[in-house]
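Single-letter residue listing:
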Amino acid sequence: MTIIKRFSKYLMSIEYPKEKTSWNIAGIIKGQNAFYKFDVRDMFALPDGTPAQKGRTDSKADKMVLEMEDKWIIFDLEELIKHIKKNKLNKVYVNDLISKLEWTIFLAKK
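As the structure is a prediction and not an experimental result, all values here were calculated from the model.

Asks: Can you help me understand the nonpolar core in this one?
Replies: General note: in soluble globular proteins, nonpolar side chains tend to be found buried as a group. Within the largest apolar cluster, 14 residues are counted, with the highest numbers of intra-cluster contacts made by F7, F38, I74 and L107. Counting only elements with at least two residues in this core, the list comes to α1 (3-8), β2 (25-29), β3 (35-40), β7 (71-76) and β8 (104-108). The next biggest cluster of nonpolar side chains, apart from the first, holds twelve residues, and it includes W23, I73, L77 and L80.

Here's what the structure looks like:
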């Protein structure tokens with residue numbers, strides 16, 4: 001099962017892009033009421049084994065979704081991009097972002 005299919009279980013009112021774009025799935029997180037476009041892609045391992053994810057500062061997505069073993073972490077891309085530009089970063093770490101960004105959602109895996 002693809003990561004998009006796995007994440008879709010947590011959404012309602014799902015839509016998919018009609019053409020190739022920087023978001024993969026859109027919808028409303030169950031239990032909430034806002035409709036978002038999500039960038040949902042598998043993470044990859046850096047040479048030292050650290051899980052990583054690439055992102056774009058010109059993404060049309062509203063949120064970036066990271067899949068962890070026991071949960072999904074959802075970051076607001078506008079806030080993330082502002083943080084990266086303000087601090088002149090080219091690499092960020094998930095644990096740092098969790099403590100520095102205000103808009104972060106954790107969804108426990110079912």
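After presenting the structure, the write-up continues.
Asks: I'm lost on the packing of aromatic side chains in this one. Help?
Replies: For any pair of aromatic rings, the description rests on two quantities: the centre-to-centre distance and the angle between the ring planes. This structure, assessed with the given rule, holds six aromatic pairs. Three or more aromatic residues link up through ring pairs in this structure, and these residues are F7, Y10, Y36, F38, W72 and W103. One Lys or Arg, K63, reaches over the ring of Y36 and ends 4.4 Å from the middle of that ring. The ring of W72 is capped by K109, whose NZ or CZ atom sits 5.2 Å from the centre of that ring.

Asks: Explain unusual backbone geometry here, please?
Replies: Phi at S13 is positive, roughly 55°, even though this residue is not glycine. Position of S13 among the secondary structure elements: in strand β1 (residues 11-15). Its identity as a non-glycine residue notwithstanding, K88 has a phi of 50°, on the positive side.

Asks: Could you clarify how one ought to interpret the sheet that holds β3 in this entry?
Replies: In sheet architecture, strand pairing relies on hydrogen bonds along the backbone and comes in two forms, parallel and antiparallel. Taken together, the six strands give an open sheet; going across it, the order is β1-β2-β3-β6-β7-β8, and neighbouring strands pair in mixed fashion. With one partner strand each, in any of the chains shown, β1 and β8 form the two edges of the open sheet. The sheet shows a mean angle of 35° between the axes of neighbouring strands, taken without regard to direction. Pairing analysis gives five bridges linking strand β6 (residues 63-67) to β7, with the strands arranged antiparallel. Within β7, the residue paired with K63 across the bridge is D76. Lying over the sheet, helix α2 (residues 77-86) contacts β6 and β7, oriented at roughly 65° with respect to β7.

Asks: Please explain the side chain of H83 as it appears in this structure.
Replies: The topology assignment puts H83 in helix α2. Residue class for H83 comes out buried when judged on its relative accessible area of 14%. If we ignore the near neighbours within four places in the chain, the residues touching H83 are L89, L97, K100 and L101.

Rules and cut-offs
Residues numbered from 1 in each chain as written. Predicted model: local features only at pLDDT ≥ 70, side-chain atom pairs only at ≥ 80, totals over all residues. Heavy atoms only, no water. Core = buried A, V, L, I, M, F, W, Y, C linked by side-chain atoms within 4.5 Å. Buried < 20%, exposed > 50% of the residue type's maximum accessible area, 1.4 Å probe, protein only. Helix = DSSP H or I, 4+ residues; strand = E, 2+ residues; numbered from the N terminus. Phe/Tyr/Trp six-rings, centres within 6.5 Å; stacked < 30°, edge-to-face > 60°. Lys NZ or Arg CZ within 6 Å of the ring centre and 35° of its normal. Pairing = 2+ DSSP bridges. Axes fitted to C-alpha atoms, helices over the stretch in contact; angles between N-to-C directions. Contact = heavy atoms within 4.5 Å.

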